[in-house]
Amino acid sequence: RAKESNLLVLYSEILIDLDDEFFKYRNFLSTKGFDEIVRSSPQISDPLDNLRLGKKEMYPGHLKIVNDEKRKYHVRKEKNTAINNLVEKGNGIEKFIRLSAFKNDKRIDVELKRLREGSYTTTIIDYLECLKILADPVDRYALPSDEKIKFAFYIQPTKDDELQRGVVQPAFEHSGGGDEVFFNAGTSANTLIKISPYGQ
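Heads up: these notes are all about the structure in this document.

The rules behind the values
- Residues numbered from 1 in each chain as written.
- Predicted model: local features only at pLDDT ≥ 70, side-chain atom pairs only at ≥ 80, totals over all residues.
- Heavy atoms only, no water.
- Helix = DSSP H or I, 4+ residues; strand = E, 2+ residues; numbered from the N terminus.
- Buried < 20%, exposed > 50% of the residue type's maximum accessible area, 1.4 Å probe, protein only.
- Contact = heavy atoms within 4.5 Å.
- Areas by Shrake-Rupley, 256 points an atom, 1.4 Å probe, with all protein chains shown as cover.
- 1 Å grid on protein atoms, 1.4 Å probe; cavity = no way out; pocket = protein on both sides within 12 Å on 5 of 7 lines; lining within 4 Å.
- Points joined across faces, edges and corners; volume = space filled by probe spheres on them.
- Nonpolar A, V, L, I, M, F, W, Y, C, P; charged D, E, K, R; others polar.
- Salt bridge = Lys/Arg side-chain N within 4 Å of Asp/Glu carboxyl O.

**What about the overall build of the protein?**
Helix and strand content of the protein: four helices and 13 strands. Burial analysis of the protein (200 residues in total) assigns 43% to the buried set. Considering only contacts in the protein between residues 6 or more positions apart, those separated by 24 or more positions represent 73%. Only carbon and sulfur atoms are counted for the fraction: they give 51% of the accessible area of the protein, which is about 12,100 Å².

**A closer look at the environment of Pro-197**
Residue position: Pro-197 is located in strand 13 (residues 192-197). The partly exposed category is assigned to Pro-197, whose relative accessible area is 37%. Not counting residues up to four positions away in its chain, the partners in contact with Pro-197 are Tyr-127, Lys-150, Phe-151 and Ala-152.

**Description of the layout of surface pockets**
In this structure, the second largest pocket spans a volume of roughly 700 Å³. Taken together, 30 residues line the second largest pocket, and the ones lying closest to its centre are Arg-98, Tyr-120, Tyr-141, Leu-143 and Pro-144. Every element with two or more residues in the lining of the second largest pocket is listed here: strand 6 (96-100), strand 9 (119-123) and strand 12 (179-183). Of the residues assigned to the lining of the second largest pocket, the class counts are 14 nonpolar, nine polar and seven charged.

**As for the pattern of salt bridges**
Across all of its chains, the model carries seven salt bridges by this definition. Across the salt bridge formed by Arg-165 and Glu-88, the nearest N and O atoms sit 3.1 Å from each other. One end of the pair, Arg-165, is in strand 11 (residues 162-167); the other, Glu-88, is in strand 5 (residues 87-89), and 77 residues separate them in sequence. Across the pair Arg-98 and Asp-105 runs a salt bridge, and its minimum N-O distance is 2.9 Å. Given the relative accessible area of 15%, Arg-98 is considered buried. Salt bridges sharing partners connect three or more residues here, namely Glu-88, Glu-94 and Arg-165.

Set out below in structure tokens:
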């Protein structure tokens, strides 16, 4: 039956009913993992054609969307966490953002103006999207601390810096879903080009 309902599309593969059970389910997702949820969810073959803003077809619980090349909505190519994807070199032009609750973030080497080894950032595009839709960055990037994000560190890697791109997986009772970029070896000196308040 149809009724008014809000649905969350997660990684373009899972529909989650945003009802009173959502936060209970979110905790389940964070402990079981995305792949397990996909395997255990029933499939629906044509879920979005009849959905409209305001009134949506009701799909209770969590439902897996069958892969279909003819789908008209965007499907993300990368579904793994960054460390499980290929290593690539920076192009010397692209910038990334590290978000933090602290100006003295432990992953930032302020003396050498660089990102330390084993650090995560997000892309400029995803950062702007986070601001645009008024998302909670702690939840979007599944950060281990619930401290309010106050600072944005702008990183511009050189062509010698290596990085890996991926999608933030659910963790720490947060949903994830944002873009993540992992720098296993950190970045070169003088790649920290700006520090600004979050959202400015």
